[in-house]
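Each chain, letter by letter, is given below.
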Amino acid sequence: MSEADFPGAASLLGALPPDPRASNAVGAGSFHAMWAELAPIGRHADSGGYRRYAWSGADADCRTWFQAQAEARGLTYETDRNGNQWAWLGDPLAGDAVVTGSHLDSVPDGGAFDGPLGVVSSFAALDELRRRGTEFSRPLAITNFGDEEGARFGLACVGSRLAAGQLTKEKAYELRDADGIGLPRAMEAAGYDPEAIGADPERLARIGAFVELHVEQGRALDLSGDRVGIASAIWPHGRWRFDFRGEANHAGTTRLVDRRDPMLTYAATVLAARTEAALAGAVATFGKISVEPNGVNAIPSLVRGWLDSRAADQATLDTVVTAIEKAARERADQDGIDLGIVRESFTPVVEFEHALRDEMNRILGGAVPVLGTGAGHDAGILSAAVPTAMLFVRNPTGVSHSPREFAAEDDCVAGVLALADVLEGLACR
């Protein structure tokens, strides 16, 4: 299988890889079948990427797929008050459960692996453990957290944030998509009750450990030659909205010296963000923009841009964002532009629980690389309430949030088997 083959459904249907355990692994075979069924959902014909936005038709199809996988395995299926899906083996109320899973939604024209790899691998790992005849001493659950990417409403990890009490019902009700549709209306249209959303401490109290498998969003494993890694920490990161307000006018008749063009200020800020991030060894990206009135022959009255910035530590992130804001305000004053800046979301550094991380490494033989990541995840959100950890599967391209995101067959199977080993070690002790 080559990178060019994916995300076509046939890309994971070839012969099983030469893993010493794979030829007898039910988990590997079921992975192929599930992937082929899930792969077409929400895939855009022109871009080859995925558009699985929260509470959309593609999202509903993914949720139907998840429920079908749960019921086919005789698991107890339920949807919580925030629209997160759960599939339980054992008593959901018993407590001290081992939970795994990820998400099924995507960024605009995203890749096939970000999120779905973790969900598919979770079901496949359970199949593998049943093949082994594993007897569980703790309940096991597989979950699909809703709206992890935040592609529709602009806030990442909505499902897990609501459950963990990091997003209030009132703030959630203020979320709007590009068409002005609010989160409550979107949930209701999809058949869910928006009145029920909110913190879910009782459910989280049942969890003894949450392990999320995810494709690596970088090339650390590719460079080290390892198929699977363990996460050490998630960098602090946030999203800021910059509103540059100028004066709409005619593009053909207004002299340059008479213009109050917010696009110039925005462009200068984009360049400043790149410079400041490079100086600090961090990352900063303006990846989304909204323009009013958005006419080819019109000087904009408003340019709204969203900054995503991340760094290895809080002090560095603060330095970068402060410098970008300073550069934006200085240029806005020069251009006669009114500037408003709002921090829409923020996640502090997440150090995954060392005891759980070390136990996973022991289960996997003690030779698994431990690496940090600049990408946010539901596991990071939940870490404040329950012990969490992450497994990464090698991504040879290092590309994510793009159709070029990739993981080879043998690495996917290695991830399934590693997850099965971890779940067996945690849930059978």
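Residues numbered from 1 in each chain as written. Predicted model: local features only at pLDDT ≥ 70, side-chain atom pairs only at ≥ 80, totals over all residues. Heavy atoms only, no water.

K.L.:
I keep staring at the overall build of the chain and nothing clicks. Help me out?
P.N.:
Along its length, the chain carries 13 helices and 15 strands. Its C-alpha radius of gyration of 23 Å places the chain within 12% of the 22 Å reference for a compact globule of 429 residues. Principal axes of the C-alpha set define a box for the chain whose edges measure 75 × 45 × 40 Å. Across the 429 residues in the chain, those meeting the buried criterion constitute 55%. Intrachain contacts of the chain at a sequence separation of at least 6 include 77% that bridge at least 24 residues. Counting 40 positive and 60 negative side-chain charges, the chain places the averaged centre of each group 3 Å from the other. (Helix = DSSP H or I, 4+ residues; strand = E, 2+ residues; numbered from the N terminus. Rg over C-alpha atoms; globule rule 2.2 N^0.38 Å. Buried < 20%, exposed > 50% of the residue type's maximum accessible area, 1.4 Å probe, protein only. Contact = heavy atoms within 4.5 Å. Lys, Arg positive; Asp, Glu negative; His and termini not counted. Charge placed at Lys NZ, Arg CZ, Asp CG, Glu CD.)

K.L.:
Sorry if this is basic, but what is going on with the packing of helix α11 (residues 354–363) against helix α13 (residues 409–427) here?
P.N.:
Pairs of packed helices are described in terms of their axes, by the angle between the two and the distance that separates them. At a minimum axis separation of 9 Å, α11 and α13 run at an interaxial angle of 115°. Note that α11 runs across α13; the crossing there is right-handed. On α13, the residues that touch Leu 356, Glu 359, Met 360 and Ile 363 of α11 are Asp 421, Val 422, Gly 425 and Leu 426. (Axes fitted to C-alpha atoms, helices over the stretch in contact; angles between N-to-C directions. Left-handed = near helix turned anticlockwise from the far one by under 90°.)

K.L.:
Would you mind going over the side chain of Ser 160 with me for this structure?
P.N.:
The residue Ser 160 is located in helix α4 (residues 158–164) in this model. If sequence neighbours within four positions are ignored, Ser 160 has contacts with Asn 84, Phe 145, Asp 378, Ile 381 and Leu 382.

K.L.:
Mind showing me how you'd approach the confidence of the model for the chain here?
P.N.:
Chain-level pLDDT for the chain is 92 on average; 93% of the residues reach the 70-or-more range. Across residues 1–20, where pLDDT falls below 50, the model places 47 contacts with residues more than four positions away in sequence or in other chains. (pLDDT = per-residue confidence, 0-100.)

K.L.:
For this particular structure, what's the right way to read the side chain of Ser 345?
P.N.:
Inspection of the secondary structure assignment puts Ser 345 in strand β12 (residues 338–347). Ignoring anything within four residues of it in the chain, the contact list for Ser 345 reads Leu 155, Arg 161, Gly 238 and Arg 239.

K.L.:
So what exactly am I meant to see when it comes to the pattern of salt bridges here?
P.N.:
Opposite charge on two side chains permits pairing when their charged atoms draw close. By the definition in use, this model includes 26 salt bridges. Here Glu 78 makes a salt bridge to Arg 203, at a shortest N to O gap of 3.2 Å. With Glu 78 in strand β1 (residues 76–79) and Arg 203 in helix α7 (residues 201–205), this residue pair connects regions lying 125 residues apart in the sequence. When its relative accessible area of 22% is taken as the criterion, Glu 78 is described as partly exposed. A relative accessible area of 7% means that Arg 203 is categorised as buried. The shortest N-O distance in the salt bridge between Glu 344 and Arg 241 comes to 3.0 Å. Of the two residues, Glu 344 is situated in strand β12 and Arg 241 in strand β7 (residues 237–245); the sequence distance between them amounts to 103 residues. Judged by relative accessible area, which is 19%, Arg 241 ranks as buried. (Salt bridge = Lys/Arg side-chain N within 4 Å of Asp/Glu carboxyl O.)

K.L.:
Could you clarify how one ought to interpret the sheet that holds strand β11 (residues 302–310) in this entry?
P.N.:
Taken in spatial order, the four strands of this open sheet run β9-β11-β7-β12, and their pairing is antiparallel. Every other strand in the sheet has two partners, leaving β9 (283–292) and β12 as the edge strands with one partner each. Each adjacent strand pair in this sheet contributes to an overall mean axis angle of 15°, direction not counted. The strands touched by helix α9 (residues 262–280) are β7, β9 and β11; relative to β9, the strand with the most contacts, the crossing angle is about 170°. Contacting β7, β9, β11 and β12, helix α10 (residues 314–335) crosses the sheet at an angle of about 5° to β7. (Pairing = 2+ DSSP bridges.)

K.L.:
Please explain the environment of Gly 218 as it appears in this structure.
P.N.:
Mapped onto the secondary structure, Gly 218 falls in the loop between β5 (207–215) and α8 (220–224). Between the C-alpha atoms of Gly 218 and Asn 395, which are 177 residues apart in sequence, the distance is 6.9 Å. Excluding residues that lie within four positions of it along the chain, Gly 218 makes contacts with Asn 395 and Gly 398.

K.L.:
Where do I start with the pairing of strand β2 (residues 85–89) in this structure?
P.N.:
Within β2, four of the five residues are buried, which leaves it mostly tucked inside the rest of the structure. Looking at chain direction, β1 and β2 are connected through four bridges and run antiparallel. Looking at β2, one finds that Glu 78 is bridged to Trp 86. Here β1 folds back onto β2 in antiparallel fashion, the turn holding five residues, of which Gly 83 has a positive phi close to 85°. In terms of strand pairing, β2 meets strand β4 (residues 140–144) through five bridges, oriented antiparallel. Residue Ala 87 lies in a different strand from β4, and its bridge partner there is Ile 142.

K.L.:
Mind showing me how you'd approach empty space enclosed by the protein here?
P.N.:
It is a probe the size of a water molecule, rolled over the atoms, that shows where empty space is left. For the structure on display, the rule yields three cavities of 30 Å³ or more. Considering only enclosed or pocket space, the largest cavity measures out at about 50 Å³ in volume. Breaking the lining of the largest cavity down by element, the ones donating at least two residues are α4 and α6 (183–189). In terms of residues, the lining of the largest cavity owes the most to one element, α4, which gives three residues. Each residue belonging to the lining of the largest cavity can be placed in one class, and the counts come to five nonpolar, three polar and two charged. (1 Å grid on protein atoms, 1.4 Å probe; cavity = no way out; pocket = protein on both sides within 12 Å on 5 of 7 lines; lining within 4 Å. Points joined across faces, edges and corners; volume = space filled by probe spheres on them. Nonpolar A, V, L, I, M, F, W, Y, C, P; charged D, E, K, R; others polar.)

K.L.:
I would appreciate a short explanation of the nonpolar core in the present structure.
P.N.:
Buried together is how nonpolar side chains tend to be arranged in soluble globular proteins. Residues Trp 65, Leu 117 and Phe 123 are the most contacted members of the largest nonpolar core, which totals 51 residues. The leading source of residues in this core is α13, at ten residues. Ranked by size, the runner-up nonpolar core spans 22 residues in total, among them Trp 240, Ala 277, Val 303 and Leu 339. (Core = buried A, V, L, I, M, F, W, Y, C linked by side-chain atoms within 4.5 Å.)

K.L.:
What is the right way to read helix α2 (residues 57–72) from this model?
P.N.:
An α-helical segment advances 3.6 residues per turn. Residues three or four places apart therefore align on the same side. End to end, α2 covers 22 Å across 16 residues, agreeing with the expected 22 Å (1.5 Å per residue, within 8%). Considered for burial, the residues of α2 that qualify are Ala 58, Asp 59, Cys 62, Arg 63, Trp 65, Phe 66, Gln 69 and Ala 70. Down the axis of α2, the buried set is contained in an arc of 155°. They therefore lie on one face. Opposite the buried face of α2, by more than 90 degrees, sit the exposed residues Thr 64 and Ala 72. Just downstream of α2 lies Gly 74, where phi reads positive at about 70°. (Expected span 1.5 Å × (residues − 1). Arc of directions from axis to C-beta.)

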